[in-house]
Structure formats: structure tokens, C-alpha cells
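# Residue-level structure breakdown
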Amino acid sequence: MDIIDDLKYRGLINQVSDEEALREALKKPMTFYCGFDPTANSLHAGNLLVIVIMMRLQKAGHHPIALVGGGTGMIGDPSGRSTERQLNTKEVVQSYADSLRKQLDHFLHFNEGNATFANNAEWLNELSTIEFLRDVGKYFTLNYMLSKDSVQTRLESGISFTEFSYMLLQSFDYLNLYEKKGCRMQIGGSDQWGNITAGLELIRKRGHEEHAFAMTFPLITKSDGTKFGKSMGGAIWLDPERTTPYEWYQFWINASDDDVVNFLKYFTFLTKDEIETLAKEVAEHPEERKAQKTLAREMTILVHGEEALKQAEHISQALFSGKVAQLSGAEIKQGFKDVPTYQAPRNEPVKLLDLLVEAGVTSSKRQAREDITNGAIYINGVRRTDLQDVLTEEDRVDNTYIIVRRGKKKYTLIQF
């Protein structure tokens, strides 16, 4: 399938500056870029959409430039925001940029020749105010800049001159990459259309005749209207230290029936036929959740690899069956990350009755006795009904953890 047709089938094209000319240009290898502002030390699920689009274009024979905004990140993009970003120091922005480079390399493989990494601090930090005003600013009227959505939406609440200038800096990025790297297309979210087309305007006004292009994709929301890429605990990060592979897997496997087919189109490299087969499964056998399981597997392998997938599936199976004793210490740390945790103050054996109260599993010894007698207490998945029971080192997984369950779902992690 033609790359433009494939992106359209997947619902990934929002706007294109000149579709007919772009189709023709994409018949030959093209260099394109997308920018990532270093506002955190990790990318998140929302960023993954554009990364996957870059990978699709790369697989079709084109050359991606991943541009991290070490320069523009010092200012902050007003697009899609109602308030100004907090300004970070140069050192913080640089550390974030370094982290993002490592993450992007995982997907695009910069050392293999087909993809390039760039940091706009390289040219923006050397740009003087006079050069910027003469070589960039003079090509834009205030009327043109004020007409852009990223500015319009902020006029009422207020926009600083710093953020107002962001559009011109991004335009200069495009011009710089066009002239020095032969980059002829910029891609980004739909909120970036104004900034990207400003870059096209600058390239044209600087007298360049070879056609340059803009392409945006829609910003993703879930079927219930909530923002994509968020959970109860906040953003879903690509960094396994911030969002564990198990949490990542759970995020995707919990996709609703209304969302899962779209997510398969957006984020996976499954073919149209494979996706249509899974769509049929959703319609006819939703209880089997085949589409969700496929989505979770594909996304976990993409971001964290095969071993992380096996671990996430093992944790999920153990929690579903209640057979938590089969988990390793590392798997317990992942699977019970958000479970109330009690740091045991001593290493010697402890009475189960005392531990339930000390760890806050029950509110009193009377309640603890009642729960034990009624068979409501499980240690590492095994029911304990003896009021005189004592927990020893043999009850600990990896000599570190004991998993207490009260009733069907209330877990507490004891850590020694």
C-alpha cells in the first residue's frame, strides 16, 4: 500500500500542505523531521504516535531526523497550552535532551545511517538577536503570526513575547534542516500546523524553489473523551523506571472495545487484513479480548522487548489466578508497585495476627482474628486460618517480600 494511503487508512493524516505533490515526492527517498521538546526526562505514550509514524516512513525508505529542542526547550511551545511553561535551566534541558536521544535511538537507530539525531541548541544557541531579527523576523508580519491558532487561543489569557517568538524559532529549524540536511517535510501533531506552515513560508520567502511539505496527524483522545496516554497514576511513560513494563502492558490491555481497533491502526505495524480480522473478533467475541491482548503484546515488544513482555504476561497471569508465590522479587516489585507497602522493622519471625495490624491490613486484632478464622487472609496466595501462625524467612520471596491478600482483591506488600 502507498505510504499516504496506509496513513489515511490508519486515520493518521490530519492535514497535508500539498498532497498530490507530496505523493509524487515520496516516490523517491525523502528526508523529513519531527521535533521533540525536552520538557521531561522521558517521552510518554502520547509521543509514541509520532515516533511510530516516523518508523512507518522510515520502513517505506525515507530518512527521519529526530530533532530535540535543546534550544527551543529553553522557551517552551505555547501550542495546546492555556498557561506558560515553567522555564528550566540549560543544564536541566540538556539532561532531558540526552535522555530523549537514548529513547529515540531505540526506535530509529541513529547509528545505522538511515536516521539522524539533531539538537537545535547547536544552531539556536549561537544565533544572535540581530541575526534572528534580520534573517527570520523580517519575513513575518504580526498579522500573520496573530492569525495562528497557537497564538489566538492564548491572546485572552496572555502570551509572553518569549512564547510568541517560538513559531519563528521553529521556522528557523525547518529552514536550517532544509538547507543543510536536504529535509523537505516536517511532521507533527495537528496543534503544530501553524508552526510547521510558518516554516514553509520562511523557506519560500528565502527564495528556495524545491518544494517543502507539512503533514500533521490528529491528536488522540479516547472514545469517552478523556485524554489519551493518561491513567489514574498520571502519564504513561516510555521509561521503565517511571512506568514499569507491567504497567505499560496493563495500559494497553485495558483499552476499551470502542478504542482498541483504532489503537491497533495507530500504533501497531499489523496489516490491514490482520486488523480487520481482530475488528471482527471485537464485534463477535468481545469477551475474549483478542484485540486487546494483541495490542498489549505488540506495544510491549515495541517499547520494552520480548523479555519484558514475558515478564508482564507472567505477572498478569499470576495476579489473575492468585498464584503470586510463583513470582520473582523483580516481578513483585513491578506488579505491586502501586499496592500499599509496609516496611517491616524487624527480621525475626512475626505472628500473622500482629503483622496484619502493624501493616494496616486490618484495623484491630479483633478484626484480624475474625478475618483469619473466616479464611479471608492469604499469604503469597495461600489461605492461612491458624490464629497462632508465625511468618518466618521461609515465607519471604527473594528473602524480601511477603504478599498479603485480604478478601478477593485487597493486597498489601510486606517488604523486609
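Everything quoted here is computed from the prediction, not taken from an experiment. (Residues numbered from 1 in each chain as written. Predicted model: local features only at pLDDT ≥ 70, side-chain atom pairs only at ≥ 80, totals over all residues. Heavy atoms only, no water.)

### Let's talk about a nonpolar patch on the surface
- Taken together, the side chains of L142, L146 and L155 define a hydrophobic patch exposed on the protein surface, amounting to about 260 Å² of accessible area.
- Mapping L142 onto the fold places it in helix α7 (residues 142-146). (Patch = residues over 30% accessible without salt bridge, like charges linked within 9 Å, V, L, I, M, F, W, Y side chains within 5 Å. Areas by Shrake-Rupley, 256 points an atom, 1.4 Å probe, with all protein chains shown as cover. Salt bridge = Lys/Arg side-chain N within 4 Å of Asp/Glu carboxyl O. Helix = DSSP H or I, 4+ residues; strand = E, 2+ residues; numbered from the N terminus.)

### Quick look at the sheet that holds strand β11 (residues 377-379)
- What the 5 strands build is an open sheet, ordered β9-β15-β14-β11-β12; its pairing is mixed. Of all strands in the sheet, those with a lone pairing partner are β9 (341-343) and β12 (382-383), marking the two edges.
- Bridge analysis of β11 against strand β14 (residues 401-406) gives 3 bridges, and the strand direction is antiparallel. Directly across from Y378, in β14, lies its bridge partner R405. (Pairing = 2+ DSSP bridges.)

### Overview of the side chain of N120
- Inspection of the secondary structure assignment puts N120 in the loop between β4 (116-119) and α5 (121-124).
- In contact with N120, not counting residues within four places along its chain, are L67, V68, G69, G70, G71, T72, N125 and D173. (Contact = heavy atoms within 4.5 Å.)

### Points about the pairing of strand β15 (residues 410-415)
- Sheet analysis places β9 next to β15, joined by 3 bridges and oriented parallel. By the bridge assignment, T341 is partnered in β15 with L413.

### Here we look at unusual backbone geometry
- Look at D398: it is not a glycine, yet its phi comes out positive at around 55°.
- Mapping D398 onto the fold places it in the loop between β13 (390-391) and β14.
- For N399, which is not a glycine, the phi torsion comes out positive at approximately 60°.
- Along the chain, the position of N399 falls in the loop between β13 and β14.
- Given a relative accessible area of 45%, N399 falls into the partly exposed group. (Buried < 20%, exposed > 50% of the residue type's maximum accessible area, 1.4 Å probe, protein only.)

### A short note on helix α12 (residues 245-253)
- The buried fraction of α12 amounts to 9 of the 9 residues, a majority that puts the element mostly inside the structure.
- Turning to α12, its buried residues number three or more, namely P245, Y246, E247, W248, Y249, Q250, F251, W252 and I253.

### A closer look at the environment of D395
- Inspection of the secondary structure assignment puts D395 in the loop between β13 and β14.
- It is 9.8 Å that separates the C-alpha atoms of D395 and P349, two residues lying 46 residues apart in sequence.
- Setting aside residues no more than four positions away along its own chain, D395 makes contact with N380, R384, V390, Y401 and I402.
- Polar side-chain contacts of D395 include one of 2.7 Å to the side chain of R384. (Polar contact = N/O pair within 3.5 Å; in protein donor to acceptor, adjacent residues only side chain to side chain.)

### Structural notes on the sheet that holds strand β2 (residues 31-36)
- The 6 strands lie next to each other as β1-β6-β5-β2-β3-β4, forming an open sheet whose pairing is mixed. The open sheet has two free edges, formed respectively by β1 (15-16) and β4, since each of these has just one partner strand.
- The pairing of β2 with strand β3 (residues 63-68) spans 6 bridges and is parallel. Looking at β3, one finds that F36 is bridged to V68.
- Each of β2, β3 and β4 touches helix α4 (residues 90-108); the most contacted strand, β3, lies at about 160° to it.
- Helix-sheet contacts for helix α10 (residues 166-181) involve β2, β3, β5 (183-189) and β6 (213-217), and the interaxial angle to β5 is about 145°. (Axes fitted to C-alpha atoms, helices over the stretch in contact; angles between N-to-C directions.)

### Concerning the nonpolar core
- Formed by 67 residues in total, the largest nonpolar core has its most connected members in F36, L48, I51, I187 and W252.
- It is helix α3 (residues 45-59) that contributes the most residues to this core, 10 residues altogether.
- Sequence-distant contacts of L48, that is, excluding residues within four places in its chain, are made with F107, L238, W248, W252, F267, M299 and V303.
- Residues Y33, Y139, Y166 and F172 belong to the second largest nonpolar core, which totals 31 residues. (Core = buried A, V, L, I, M, F, W, Y, C linked by side-chain atoms within 4.5 Å.)

### Some points on the state of the cysteines
- Enumeration over the complete set of coordinates arrives at 0 disulfides.
- There is no disulfide at C34, and the cysteine sulfur nearest it, in C183, is 10 Å away.
- The buried category is assigned to C183, whose relative accessible area is 0%. (Disulfide = S-S within 2.5 Å.)

### A look at the environment of P29
- With respect to the helices and strands, the residue P29 is situated in the loop between α2 (19-25) and β2.
- For P29, a relative accessible area of 60% translates into the label exposed.
- The residues contacting P29, other than those within four sequence positions of it, are G61, H62 and H63.

### Side note on helix α16 (residues 306-321)
- Between its first and last C-alpha, α16 extends 23 Å over 16 residues, near the 22 Å set by a 1.5 Å rise per residue.
- Regarding α16, the residues found buried are A308, L309, A312, I315, S316 and A318.
- Looking at the buried positions of α16, the neighbouring elements they touch are α12, α15 (290-304) and α17 (329-335).
- Of the residues flanking the end of α16, it is G322, one or two places downstream, whose phi is positive at about 85°. (Expected span 1.5 Å × (residues − 1).)

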